[in-house]
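Each chain, written out:
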Amino acid sequence: MTIADRDKKYLWHPLTQHKTHPDMLGITRAEGAVFIDESGNEYVDGIASWYTCVYGHCNPHIISRVQEQMQQLDHVIFSGLTHEPAVRLSEMLMEILPDNQAKIFFSDNGSTSVEVAVKMALQYHFNRGQKRNTLVAFENGFHGDTFGAMSVSGLSVYNGPFEDLFLEVERLPLPTGENNEEVLKRFEQILKNKQVSSFIFEPLVQGAAGMIMYDKDGLEALMSMAKEHGVITIADEVMTGFGKTGTNFASDQLEVKPDMICLSKALTAGLLPMAATSCTREIYEAFYDDEIGRGFFHGHTYTANPLACTAAMAGIELLLSAEMQAHIKRIEALHREFDQKIRNNPRVKQTRQLGVIYALDLDVEMERYGDLRKRLYEYFLSKGAFLRPLGNTIYILAPYVTTNDQMNILYDAVESLLEEVAVVG
């Protein structure tokens, strides 16, 4: 019996309606930009397995470092104890994060990094004697699946059954460059009528919404207004962090720096679950008090796991290497060349790129997880390309080590799709 057959007995997969999509693809091995199924078929991982394995699957540098660490210290609780991997990782993160960041709080995944940020922001004001319970976020943003993270997310396909239970959130349209003044006025109204604790955003690119890219100046104007009103700005860099936008963090491209930054996914290069929430010294000092209750009483069993910290350190070393930076520039250039080839195709509604993120919208109406999306996904697999469309958006965010030939497998799959009337309709 195959892995895929055995899977059906007990497993429940994320983002899956098992009655209509019962079949999973059994994977046995992965290396570099490729993974291999149990029949021996190879697929180029065109999305770095949800933007995590950016330095390639089973990267020998990361694996060797973690193997060495696991012989010495596997795990200890992080309440009352500390260890070298956590301390050194915090030092390495501070070397590359924006200069205003001062403290790091570790957790387990992207959702928890946001949960931590939202709770910190609410308690920051509480500790200062202010009741500020309203959060502000962009329409169609996605920040995770836990309740605080869901509250600030705007994609109803994920949130529908729970929306009546959420924290109080006001939403803003994305600034496009043309509507910046209107969005700023809307924010000003909210600030006047509500007690706002924080403004959370995915900087420059909304990932799950379809790799939607928006106006930098508009974002900075909102951040500046937030700071003028004592509102904490939270940059959710879970997807954008660690080189994907062409800089270490999307926030590096902003002159106005966020007060808090959420990190996960590529933080550990896909090897182990881990997240981090960084903040300014001012935020930290609002919790620094003789009264125990003013501390931040939030904790995870695997906080600052030494193996995950070690994987993250090895990943940062790779990110900063000349070789990896050259790979990032190479893929940026390949995307630009590909864009010139397909942007005027009649089936392409729009294309966009930032760093190694490339996206195109098909000129067709379709459901996010409907039958057409399933056909597109299966079509790409038949071409040796692992790509997961977000509704009518096809995007490529491959590992930085993906070779030119492997990138061409992804590009060829997209090009051939555009010629397939039977698939696209």
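Residues numbered from 1 in each chain as written. Predicted model: local features only at pLDDT ≥ 70, side-chain atom pairs only at ≥ 80, totals over all residues. Heavy atoms only, no water.

Topic: the UniProt feature "modified residue: N6-(pyridoxal phosphate)lysine" (unreviewed entry) in the protein
UniProt records the feature "modified residue: N6-(pyridoxal phosphate)lysine" (unreviewed entry) for Lys265 in the present numbering. Along the chain, the position of lysine 265 falls in the loop between strand E11 (260–263) and strand E12 (275–279). When neighbours within four sequence positions are excluded, lysine 265 is seen to be in contact with Trp50, Tyr51, Thr52, Val238, Met239, Gly270 and Met274. Separated by 3.5 Å, the side chain of lysine 265 and the backbone oxygen of tryptophan 50 make a polar contact. (UniProt positions renumbered as here; feature names shortened; annotations may be inferred. Helix = DSSP H or I, 4+ residues; strand = E, 2+ residues; numbered from the N terminus. Contact = heavy atoms within 4.5 Å. Polar contact = N/O pair within 3.5 Å; in protein donor to acceptor, adjacent residues only side chain to side chain.)

Considering the nonpolar core
Residues Tyr55, Phe199, Phe242 and Phe380 are the most contacted members of the largest nonpolar core, which totals 104 residues. With 10 residues, the single largest contributor to this core is helix H11 (residues 306–320). Each of domain 1 (3–58 + 322–420) and domain 2 (73–320) accounts for three or more of the residues forming this core. Not counting the four nearest positions on each side in its chain, phenylalanine 242 is found in contact with Tyr55, Leu93, Ile96, Asn248, Phe249, Leu263, Ser264, Ala266, Leu267, Ile316, Leu319 and Tyr400. Formed by 24 residues, the second largest nonpolar core is a distinct cluster that contains Val114, Ala117, Ala286 and Phe287. (Core = buried A, V, L, I, M, F, W, Y, C linked by side-chain atoms within 4.5 Å. Buried < 20%, exposed > 50% of the residue type's maximum accessible area, 1.4 Å probe, protein only. Domains from an automatic or database assignment.)

With respect to the environment of serine 151
By secondary structure assignment, the location of serine 151 is in helix H6 (residues 147–152). Taking relative accessible area as the criterion, serine 151 reaches 1% and is therefore assigned buried. Discounting residues that sit within four places of it in the chain, serine 151 has contacts with Phe166, Leu167, Val169 and Arg171. A polar contact is formed between the side chain of serine 151 and the backbone nitrogen of leucine 167, at a distance of 3.0 Å.

Looking at the sheet that holds strand E1 (residues 27–31)
Pairing within the open sheet is mixed, and its 4 strands lie in the order E1-E2-E3-E15. Each edge of the open sheet is held by one strand with a lone partner, namely E1 and strand E15 (385–386). In this structure, strand E2 (residues 34–37) lies alongside strand E3 (residues 42–45), joined through 3 bridges in antiparallel fashion. In the sheet register, valine 34 faces E3, and the bridge partner there is valine 44. (Pairing = 2+ DSSP bridges.)

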